[in-house]
Each structure stands twice: as structure tokens, then as C-alpha cells.
Amino acid sequence: MFRPSLTSLHDPYLMKDMHKAVARIIAAIEANEKILVFGDYDVDGTTSVALMYQFICKIYNSELVEFYIPDRYKEGYGISKAGIDYAAENNFTLIISLDCGIKSVALIAYAKTRGVDFIVCDHHLPDDILPDAVAILNAKQKDCNYPYKELCGCGVGFKLVTALAQRYGIDEEHYLCYLDLVATAIAADIVPMTGENRILAYYGLQQINTSPYAGIKALF
């Protein structure tokens with residue numbers, strides 16, 4: 001790993017439920033469903049949302065895609081009832097949650113009663129009882145055979161985007177362009193700088209220094 005290479009990244013389909021997540025997103029696209037990209041207000045959450053929202057807009061009608069960041073003071077961390085109600089009242093039938101959701105058992109059950117499906121992309125340690133989501137992408141699940149367990153939330157989102165790109169036959173430039181966001185999340189969330197995180201951070205930092213995403217450039 002002293003010479004990081006993107007070819008050393010693991011196949012995203014090794015992650016438990018990845019096939020289910022991709023199938024549900026493709027079904028939503030084919031049925032013209034409204035998709036809401038939901039993420040926390042911290043750096044890992046907002047970079048995850050930026051990555052996922054922009055990629056979904058590349059492959060789908062952007063008028064049917066929105067993002068939702070919960071209010072830090074009114075809603076707090078994680079999935080919120082207000083966010084689910086917003087989705088239901090505005091005819092969103094699929095929420096992709098990033099950096100949150102693994103512990104939101106009751107709220108995701110509530111979403112189901114309102115006709116809203118969830119795909120959960122998270123990296124926090126799961127409890128024994130998991131939410132009733134269409135798919136849960138989290139390498140820390142006991143029965144997930146994904147080789148690397150320390151991805152941040154944005155890293156998990158990047159894996160989903162990679163899997164979607166593979167399914168649609170989209171060139172890697174259309175998702176590697178978000179590596180600056182992934183590297184920012186890796187640094188801010190203080191995940192171990194090992195394995196895939198080291199590869200993603202290495203190439204993300206190169207991008208930050210050469211052609212950063214507009215939001216990161218503005219921060220400079």
C-alpha cells in the first residue's frame with residue numbers, strides 16, 4: 001500500500017445488499033419515482049450528499065431528485081421524522097440515507113407506513129436489530145463479507161455510485177471526479193488511514209491540489 005492504486009479498490013458488489021440497492025435505484029429511475037438524498041449536517045454527511053445527489057442527477061431526471069440535510073438544532077443527528085414527513089408530503093418514494101440510518105429502526109418503519117422506501121448507506125456500528133430498509137450498505141454488519149470495514153459514510157456512498165456506474169456502463173471519470181469529496185470526509189471523520197481509505201485519500205488529495213470540486217475550491 002506504499003504505492004496506492006485505484007485498481008486495488010474492492011469490487012463494490014462484495015458489499016452486502018449492494019445488488020439490492022442498485023436494483024431499487026434502477027427500478028425508481030425506470031418508474032420515474034422521486035428520490036430524496038438524505039445526509040447528516042457534518043462533513044461526512046454533506047460530502048456524501050453532494051456526491052450522491054450529483055451522480056444520481058447524471059443518470060436521471062434532476063427534477064425528480066432532491067437532497068435533504070436535517071436542521072442541526074430542530075432535528076439533530078440522523079434520520080428525522082420531519083425529513084420523512086417532507087418526503088411523504090412531496091411524493092418521494094425512495095430515500096437514500098448517507099452517514100446515518102443504521103440505528104433508525106422506528107423511523108424507517110414509520111417511513112414504510114408512509115410509502116417511503118429506504119436505502120441506508122452507513123458506517124456506524126450496527127445494533128442487533130436492523131432497520132427494515134430495502135438495502136443496508138454497511139461493511140460492519142456481521143454477515144457482510146466486504147474486505148475493508150473502515151470506510152466513512154462518503155466512502156460507502158462512493159461504493160454505491162461505483163456500483164451504479166458499473167451497471168450502467170459509465171466511464172470511471174464520472175465517479176472518480178468525486179474523490180476530493182471522499183478525501184475530505186475521510187480526513188474530517190478521522191477514520192483509519194489504511195486500506196481503501198489510504199487509496200481514496202491519496203487520489204482525492206491529488207484532485208484537491210489540481211482540480212477541486214467548486215465547493216472545496218470556495219473553502220480555500
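The following refers to the structure shown. (Residues numbered from 1 in each chain as written. Predicted model: local features only at pLDDT ≥ 70, side-chain atom pairs only at ≥ 80, totals over all residues. Heavy atoms only, no water.)

With that settled, consider the overall build of the protein. Secondary structure assignment for the protein yields nine helices and five strands. Each helix and strand of the protein, ordered N terminal to C terminal, gives the series α-β-α-β-α-β-α-β-β-α-α-α-α-α. What you see for the protein is a C-alpha radius of gyration of 16 Å, in line with the 17 Å of a compact globule of 220 residues. For the protein, buried positions account for 53% of its 220 residues. In the protein, the proportion of contacts linking residues at least 24 apart, taken out of those at least 6 apart, comes to 71%. Carbon and sulfur atoms make up 54% of the accessible area of the protein, which totals about 10200 Å². (Helix = DSSP H or I, 4+ residues; strand = E, 2+ residues; numbered from the N terminus. Rg over C-alpha atoms; globule rule 2.2 N^0.38 Å. Buried < 20%, exposed > 50% of the residue type's maximum accessible area, 1.4 Å probe, protein only. Contact = heavy atoms within 4.5 Å. Areas by Shrake-Rupley, 256 points an atom, 1.4 Å probe, with all protein chains shown as cover.)

With that out of the way, let us pick up the sheet that holds strand 3 (residues 92-98). Taken in spatial order, the five strands line up as 2-1-3-4-5 in an open sheet, and their pairing is parallel. Of all strands in the sheet, those with a lone pairing partner are strand 2 (65-68) and strand 5 (135-137), marking the two edges. Strand after strand, the sheet turns through a mean of 20 degrees between neighbouring axes, direction not considered. One ladder, built from three bridges, connects strand 4 (residues 117-121) with strand 5; its direction is parallel. Note that in strand 5 the partner of Cys 121 across the bridge is Leu 137. Strands in contact with helix 2 (residues 43-59) are strand 1 (34-39), strand 2 and strand 3; relative to strand 1, the strand with the most contacts, it is inclined by about 160 degrees. (Pairing = 2+ DSSP bridges. Axes fitted to C-alpha atoms, helices over the stretch in contact; angles between N-to-C directions.)

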